[in-house]
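These are the residues of each chain, in order.
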Amino acid sequence: MRHMEPGEEREQRLIQLRRGALPHCVLAILADGEHYGFELVGLLTETYDLGTSEGTIYPLLSRLRRDGLVETSWRESESGPPRRYYRLTDAGRRALEAFKDDWRPFRDAVDALLDTGGPR
Amino acid sequence: MTEPHPLVAAYLRRLDAATTDLPPEVGEDLHADVSGHLDQAQREAVDEADLRTRIDRLGPPEAIAAEARGGPQPAATTPSRRAGPNSSRRDGLTVVLLVFGTIIGGVVLLPIAPVGALLGWVAGVVLLWTSPSWPAGEKVLGTLVWPGGIAAPLLLGLVGGRTCTGVTDIVDGVEVASEMTCEGFALPPWLGIPVMIAAVAAPILVAGVLLRRADRRRASSPSLPVTSR
């Protein structure tokens, strides 16, 4: 266990960076099709390496659901208990599109600023 | 469901303890998703050390609860409240019809048409199978234990002497009442009475299980009143 070493500070910084984007990353993954929690968590942390703690994705899913951006249905699985599948609602699709419109100019602006070092 | 490994059970207990101050539907959401996650992790884990690693990757349950208390707020546009008290009321009606539908249908419709008694239960089955609240396995369970609800064991003549008076009141004036007279059964009372009690209790137990599961899964919003808890 490290205590406020550079690694720990980096982790805090990444948490701050992820906060605004992560909900919309979930929406983006669900835009291509429905997934159950375990799958979704695997995609976010392994395939896309967003490096978030796996457990914190579940409160996020719960909130997205209460906000009506995703909806769920229980489905039997071949092995084990029924699984809860998440899928995007129309409101979720609109929220994702709105985020894309905001994100790209924001990202470009930050990139441009970081590359040039800003106006001197 | 796989029997939870002690590490998994301990984690879920900690999660439940950490979420007691949250709205019940949030705690239930988290419990359902995290227990599903851990169930799969347990089945994929090659040994206990591997399972421990997988549990560690989830992070501490207290962190999950903290995140639920004040994490990122997504920009919600127009929320659509799909499930709520309405689906709860519908689920309640479903199980009432499954258990008592034959009796209700019998009292209301039997004087008009002989098949009337079945309609109440059939309506319950239709509601059950068209509901999003239960997966197929639970729908089969709700349908098969028993067809006709508690009327089925009563009609099969399993009624023991002491229980029939109360029942006769409910089905007053209905053809089946003659079956309810408390005599002449295939099983001796020492066997017949427990069997009858079990046969009547089974659909009520199944109804309770169905309601509980639906309740746990129900998406409800914080602005809506939380029912039955």
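Above this text is the structure in question.
Anyway, here's the lowdown on the structure attached to this text. Model, not experiment: these values are computed from the prediction.

This part is about a nonpolar patch on the surface. A surface patch of nonpolar side chains, about 390 Å² in accessible area, is lined by B:V96, B:F100, B:I104, B:V107 and B:V108. Note that B:V107 resides in helix α5 (residues 85–109).

Taken as a whole and assessed by the stated rule, the structure comprises 17 salt bridges over all chains. B:D21 is paired through a salt bridge with B:R69; the nearest N and O atoms lie 2.8 Å apart. Here B:D21 is found in the loop between α1 (6–18) and α2 (24–44), whereas its partner B:R69 is found in helix α4 (residues 61–70), with 48 residues between them in sequence. On the basis of relative accessible area, B:R69 is assigned to the partly exposed category, the value being 44%. Residue B:E138 is joined to B:R213 by a salt bridge in which the shortest nitrogen-to-oxygen separation is 3.0 Å. A residue pair is termed long-range when its members are at least 10 positions apart, and B:E138 in helix α7 (residues 136–144) and B:R213 in helix α10 (residues 189–217) qualify at 75 residues. By relative accessible area, B:E138 is classed as buried at 7%. One continuous salt-bridge network, built from bridges that share partners, spans A:E34, A:E71, A:R75 and A:R87.

Criteria and cut-off values
- Residues numbered from 1 in each chain as written.
- Chains lettered and ligands numbered in written order.
- Predicted model: local features only at pLDDT ≥ 70, side-chain atom pairs only at ≥ 80, totals over all residues.
- Heavy atoms only, no water.
- Patch = residues over 30% accessible without salt bridge, like charges linked within 9 Å, V, L, I, M, F, W, Y side chains within 5 Å.
- Areas by Shrake-Rupley, 256 points an atom, 1.4 Å probe, with all protein chains shown as cover.
- Salt bridge = Lys/Arg side-chain N within 4 Å of Asp/Glu carboxyl O.
- Helix = DSSP H or I, 4+ residues; strand = E, 2+ residues; numbered from the N terminus.
- Buried < 20%, exposed > 50% of the residue type's maximum accessible area, 1.4 Å probe, protein only.

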